[in-house]
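Results of the structural survey
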Amino acid sequence: MKIILKDGKKFILRFDRGEELIEELKKFCLAKKIKAAFFSAIGAASQVELAHYDIDKKRYSNKIIRQKLEIDSLLGNTTLMDGKIIVHGHGVFSDQTMQAQAGHVNRLTIAATCEIFLEVLRGGVKRKYDEKTGLNLMV
Amino acid sequence: MKIILKDGKKFILRFDRGEELIEELKKFCLAKKIKAAFFSAIGAASQVELAHYDIDKKRYSNKIIRQKLEIDSLLGNTTLMDGKIIVHGHGVFSDQTMQAQAGHVNRLTIAATCEIFLEVLRGGVKRKYDEKTGLNLMV
Amino acid sequence: MKIILKDGKKFILRFDRGEELIEELKKFCLAKKIKAAFFSAIGAASQVELAHYDIDKKRYSNKIIRQKLEIDSLLGNTTLMDGKIIVHGHGVFSDQTMQAQAGHVNRLTIAATCEIFLEVLRGGVKRKYDEKTGLNLMV
């Protein structure tokens, strides 16, 4: 991952072939001591693990797609939980048919490149486990 | 709806189970006297009413999806028309198959949670009915 | 294209029926001497040329969709390469079935309207051809 531009609390980051985006983004937030940020990204991936949440079963179902994919949209945020950085991202992806698949992003391996715009927010956001939904909600 | 963070004119908002996002967002803009903003969001929904515009017939067709859905992307803006707040949002949604459905969002009922990043813009934007397109355009 | 609002380095732009978005956005960046920006947009299109990149063949495959489409999401950035403005955008689109198609956007013809939020970044970003990926990467 490379910092392409820094303009105050705004960053353009470039992720490269073979990098796993969620993990790399955590490392970036850790290094920069970022306590809250949002981001949007486009690019290309070689693999993605998508998830869908069933609120009744309080369980995610997963699907791994191993294909050359366009990252058509990736939106998300970074927060803190028990002192650890949480990266929460949802994405839309397409193969050569241009049909879109989408979901909660567990893991995302970059192919050619991924271009992220990230903005740091002053103050920090924490998450806490919520019994009712079974999720770690922003508090 | 809860304000999770406020950093100047930037907000992180959390919407909760059962809330209808478009209506709640209007209330927030009204309470805060917001005349122009843009937003992006991810989360989960229990129901969405999507619409597609036919410019020749000057009419929207609608489709209500009642399913556990990931909100993979929601992009939009808030403006004013005749003194009333207009929330204009387009979204992408997926069920457990990860196939994406998308469109203009008429109504969106939150399931587990929805995390919105909203930025207020100075100056305000108004809409006016446009005869040619049959839509309320930004002016 | 019309500038609806300017708040410092942030713009709301409106694109109108028949305009080709990528080309119009280049003209705007040229006129305003913008060296780096990111944008997000929603709207409606009458035609889009989507592309998908095959990193092994170092070649894009294309698909032109001529239909009334919702622009459900358009995310991208503007940069410079050899002194020329490059607009890089990925989009998600849907017809009256609400099924989503997505990809790298080569050309996008606006139908009723398209509402863009664009933020200029200080400093500028350049691209350079990269032998390994066959793409013009941010440097």
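Just above sits the structure.
As the structure is a computational prediction, the values presented were derived from the model and not from experiment.

Each helix and strand in chain A was counted, giving one helix and nine strands. Walking chain A from its N terminus toward its C terminus, one meets helices and strands in the order β-β-α-β-β-β-β-β-β-β. Compactness check: chain A gives a C-alpha radius of gyration of 15 Å against a globular reference of 14 Å for 139 residues, within 12% of the reference. Counting only C-alpha atoms and orienting by the principal axes, one finds that chain A spans roughly 45 × 40 × 20 Å. Burial status across chain A gives 64% buried among its 139 residues. Summarising the internal contacts of chain A: among those between residues at least 6 apart in sequence, 63% fall at separations of at least 24. Split by element, the accessible area of chain A, about 5700 Å² in all, is 49% carbon and sulfur. Side-chain charges in chain A split into 24 positive and 17 negative, and the spacing between the mean points of these groups amounts to 6 Å.

In this section: the relation of the copies chain B and chain A. For these two chain copies, the linking operation is a rotation about an axis paired with a shift along it. For the pair chain B and chain A, the best superposition has an RMSD of 0.0 Å and corresponds to a rotation of 120° with a translation of 0.0 Å parallel to the axis. Classification of the inter-copy transformation places it as that of a three-fold axis. Closest approach to the rotation axis within chain B is made by the C-alpha atom of Ala100 of chain B, at a distance of 3.2 Å.

For the rest of this paragraph, the subject is the relation of the copies chain C and chain A. With an axial shift of 0.0 Å and an RMSD of 0.0 Å, the rotation relating chain C to chain A amounts to 120°. Mapped onto chain A, only 14% of the interface residues of chain C again fall at the interface, so the copies present different surfaces.

This part covers the side chain of Asp7 of chain B. Take Asp7 of chain B: it is sitting in strand S1 (residues 2-7). Classification of Asp7 of chain B by relative accessible area gives buried; the value is 7%. At 2.9 Å, the side chain of Asp7 of chain B forms a polar contact with the side chain of Lys9 of chain A. Engagement of the side chain of Asp7 of chain B in a polar contact is seen with the side chain of Arg122 of chain A, the distance being 2.7 Å. Not counting residues within four places of it along the chain, the set of residues in contact with Asp7 of chain B comprises Lys9, Val120, Leu121 and Arg122 of chain A.

Turning to the interface of chain B and chain A, a few remarks are in order. Each side of the interface is counted separately: chain B has 34 residues, and chain A has 42 residues. For the chain B and chain A pair, buried surface summed over both sides reaches about 2900 Å², with 62% attributable to carbon and sulfur atoms. Broken down residue by residue, the surface that chain B buries against chain A is led by Lys68, Glu70 and Met98 of chain B, which jointly contribute 23%. The shortest N-O distance in the salt bridge between Glu115 of chain B and Arg127 of chain A comes to 2.9 Å. Going through the elements one at a time, S1, strand S2 (10-16), strand S3 (37-54), strand S5 (69-81), strand S6 (84-94) and strand S7 (100-120) of chain B are the ones with two or more residues in the side of chain B that touches chain A. Considering only residue class, the side of chain B that touches chain A consists of 15 nonpolar, nine polar and ten charged.

Taken together, the 42 residues of chain C in the interface contact 34 residues of chain A. Scanning the region where chain C abuts chain A turns up six salt bridges. As a salt-bridge pair, Asp56 of chain C and Lys68 of chain A come within 2.8 Å of each other at their nearest N and O atoms. Across the contact surface, chain C and chain A share 17 residue pairs in polar contact (both at pLDDT 80 or more). Counting residues per element, the ones that place at least two in the side of chain C that touches chain A are strand S3 (37-54), strand S4 (59-65), strand S5 (69-81), strand S6 (84-94), strand S7 (100-120) and strand S9 (135-138) of chain C.

Reading the values: rules and limits
In every chain, residue numbers begin from 1 and rise along the written sequence. A letter from A marks each chain and a number from 1 marks each ligand, given out in the order of writing. The predicted nature of this model means local features are confined to residues of pLDDT at least 70 and side-chain atom pairs, given and counted, to a pLDDT of 80 or more, with totals for whole chains, interfaces and linings taken over all residues. Each side-chain value is worked out from all heavy atoms of the structure, with water and hydrogens disregarded. Secondary structure follows DSSP: runs of H or I at least 4 residues long count as helices, runs of E at least 2 residues long count as strands, and numbering of each begins at the N terminus. Atoms considered for the radius of gyration are the C-alpha atoms alone. The globule rule reads 2.2 Å times the number of residues to the power 0.38. Categorising residues by exposure relies on relative accessible area from a 1.4 Å probe, with only protein chains included: less than 20% of the type maximum marks a residue as buried, more than 50% marks it as exposed, and the intermediate range marks it as partly exposed. Throughout, a contact is declared for two residues whenever any of their heavy atoms are within 4.5 Å. Each accessible area is a Shrake-Rupley estimate made with a 1.4 Å probe; only the visible protein chains count as cover when residues are assessed. Asp and Glu count as negative and Lys and Arg as positive, but His and the ends of the chain are not part of the count. In this description, the location of a charge corresponds to atom NZ of lysine, CZ of arginine, CG of aspartate or CD of glutamate. Superposition of the copies was done by least squares, using only C-alpha atoms of residues whose pLDDT is at least 70 in both. The term polar contact refers here to a pair of N or O atoms within 3.5 Å; inside protein, the definition further demands a hydrogen-donor-capable atom paired with an acceptor-capable atom, and it admits residues adjacent in sequence only when both atoms are side-chain atoms. Summed over both partners, the accessible area (1.4 Å probe) lost when two parts come together is defined as the buried area. For this analysis, a salt bridge means a side-chain nitrogen from Lys or Arg found within 4 Å of a carboxyl oxygen belonging to Asp or Glu. Any residue outside Ala, Val, Leu, Ile, Met, Phe, Trp, Tyr, Cys, Pro, Asp, Glu, Lys and Arg is labelled polar, Gly included; the first ten of those are nonpolar and the last four are charged.

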